Amino acid sequence: YNRAKDIERLYSSLIVNNNSNVKFEWLIMDDGSEDKTQLQIENFIKQNIIEIGYYTQQNQGKMSAINNLMKYVTRDICVTCDSDDYFEVGAFDKIQKYAEKLLNDETVYALAFLKSNEKGKISGEKFSENLHRTDMFSLYFREQMTGEKILVFKTAIRKKFKHELEVDEKFITESRLYHKMDLDYDILGINEILQIGDYKDDGYTRNIDKIFTENPKGYYSYFKEILEMDLKGVPLSKKMYVYKHYILFAYLSKADKPISNVCGLRNKIIVTLLWIPRKNKNKKKI
């Protein structure tokens, strides 16, 4: 959305990677841009250097754009790249190197690569070992991984899922989708950088408080779903993170009967004990 100034860098990185042995197509969903994004992309298409599929929709947000774009994906492997990020040189060769491990293992839905900023600093930590087998929930909640990872999906599995948005909301964390995929499949962690990008002032990460306030119902459902999961092996600090955010978004979304809706007696007791002091703290913050 309104990325005419940034998207050429992504385009240039795709041209560089066009020298690889990997045949790829670039699919774009324009989320109702009001700048010169369309003219920019039409110029890319006229150059006829790489295969481009360009689609438009009324402004509905990133998750809806990805949901609507997935039906146009025809290749065996797919990866999402935000319009203000770009691919590392040799990125598609890295994917190709591990493609068989993804495509030939029915229990794996994605390869998880590293992301760095423009100075080369990796987001968060590396995996404990290359080809580390895990799932996204375990990675962040049990293994306490930090930092953004880039998922390269097996298309056949990815098409079975979508970002679940609540009515009148435009955003939800990608983790809600990943955790649904985690129930039946694993990921393989790859200690190689695939994408590069810094957080923009108008990006989601820099505006997370605004995102939370405008999309509380989805986040309430997300944390409610976590409390329905098996939390064995999750450290207390992570569990407290879940409880506190469940209460926060129950308050922001004005959820009906949030305590009785919690799954499990232990969770109900903890949420009840935290509810009054945490609710008051949320009021002060907002």
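For the structure itself, consult the block above.
Not measured: the values here are computed from a predicted model. (Residues numbered from 1 in each chain as written. Predicted model: local features only at pLDDT ≥ 70, side-chain atom pairs only at ≥ 80, totals over all residues. Heavy atoms only, no water.)

Asker: Just give me the short version of the overall build of the protein, but keep the residues and values in it.
Answerer: The number of helices and strands found in the protein is eleven helices and eight strands. Expected size for 286 residues packed as a compact globule is a radius of gyration near 19 Å; at 20 Å, the protein falls within 12% of this value. In terms of overall dimensions, the protein has a C-alpha envelope of 60 × 45 × 35 Å along the principal axes. Looking at the protein residue by residue over its 286 residues, the buried ones come to 47%. For the protein, long-range pairs separated by at least 24 residues make up 78% of all intrachain contacts whose partners lie at least 6 apart in sequence. Of the roughly 15,300 Å² of accessible surface on the protein, 49% is carried by carbon and sulfur atoms. In the protein, the 46 positive side-chain charges and the 42 negative ones have mean positions that sit 7 Å from each other. (Helix = DSSP H or I, 4+ residues; strand = E, 2+ residues; numbered from the N terminus. Rg over C-alpha atoms; globule rule 2.2 N^0.38 Å. Buried < 20%, exposed > 50% of the residue type's maximum accessible area, 1.4 Å probe, protein only. Contact = heavy atoms within 4.5 Å. Areas by Shrake-Rupley, 256 points an atom, 1.4 Å probe, with all protein chains shown as cover. Lys, Arg positive; Asp, Glu negative; His and termini not counted. Charge placed at Lys NZ, Arg CZ, Asp CG, Glu CD.)

Asker: Can you lay out a nonpolar patch on the surface for me, pointing to particular residues and giving the numbers?
Answerer: Residues Leu265, Ile269 and Leu273 make up a contiguous nonpolar surface patch of about 340 Å² in total accessible area. Checked against the element boundaries, Leu265 lands in helix H11 (residues 265-285). Residue class for Leu265 comes out exposed when judged on its relative accessible area of 65%. (Patch = residues over 30% accessible without salt bridge, like charges linked within 9 Å, V, L, I, M, F, W, Y side chains within 5 Å. Salt bridge = Lys/Arg side-chain N within 4 Å of Asp/Glu carboxyl O.)

Asker: Hey, could you go over the packing of aromatic side chains for me, with residue numbers and the actual values?
Answerer: Note on aromatic pairs: each is described by the distance of the centres and the angle between the planes. Here the structure, examined in full by the defined rule, presents 17 aromatic pairs. Judged by centre distance (4.6 Å) and plane angle (15 degrees), the rings of Phe137 and Phe141 are stacked. Taken together, the residues span about one helical turn, with Phe137 and Phe141 both in helix H5 (residues 136-142) at a distance of four residues. The same class applies to Phe137 and to Phe141, which are both buried. Of note, Arg158 hangs over the ring of Phe153, and the distance from its end group to the ring centre comes to 5.5 Å. (Phe/Tyr/Trp six-rings, centres within 6.5 Å; stacked < 30°, edge-to-face > 60°. Lys NZ or Arg CZ within 6 Å of the ring centre and 35° of its normal.)

Asker: Residues and numbers for unusual backbone geometry, please.
Answerer: Its identity is not glycine, yet Gln144 carries a phi of approximately 60 degrees, on the positive side. By the element assignment, Gln144 lies in the loop between H5 and strand E7 (149-154). Positive phi, close to 70 degrees, is recorded for Asp168, a residue that is not glycine. For Asp168, the location among the structural elements is in the loop between helix H6 (155-158) and helix H7 (174-182). Judged by its relative accessible area of 75%, Asp168 is exposed.

Asker: Give a detailed account of the environment of Gln58, specifying residues and quantitative values.
Answerer: With respect to the helices and strands, Gln58 occurs in the loop between strand E2 (51-56) and helix H3 (62-69). The sequence separation of Gln58 and Ser33 amounts to 25 residues, and the corresponding C-alpha distance is 8.5 Å.

Asker: Requested: an account of helix H4 (residues 91-103), with residues and values cited.
Answerer: Here H4 contains 13 residues, and its C-alpha end-to-end distance of 18 Å stays within 8% of the 18 Å for a straight helix at 1.5 Å per residue. For H4, the elements touching its buried residues are helix H1 (7-17), strand E3 (77-79), strand E4 (86-87), strand E5 (108-116), E7 and strand E8 (186-196). (Expected span 1.5 Å × (residues − 1).)

Asker: How would you explain the pattern of salt bridges if you had to name every residue and give the values?
Answerer: This model, assessed by the stated rule, comprises 19 salt bridges. Of the charged contacts, one joins Arg9 and Glu118 as a salt bridge, the two residues approaching to 2.4 Å between their closest N and O atoms. With Arg9 in helix H1 and Glu118 in the loop between E5 and strand E6 (132-134), this pair connects stretches of sequence that are 109 residues apart. What makes Glu118 partly exposed here is its relative accessible area of 41%. Salt-bridge contacts for Lys180 lead to Glu225; the nearest nitrogen and oxygen are separated by 3.6 Å. Taken together, the positions of Lys180 in helix H7 and Glu225 in helix H9 (residues 216-226) put the pair 45 residues apart, joining distant regions of the chain. Here Lys180 falls in the partly exposed class, since its relative accessible area comes to 24%. In the salt-bridge network here, residues are joined through shared partners; they are Glu164, Glu166, Arg176, Lys180 and Glu225.

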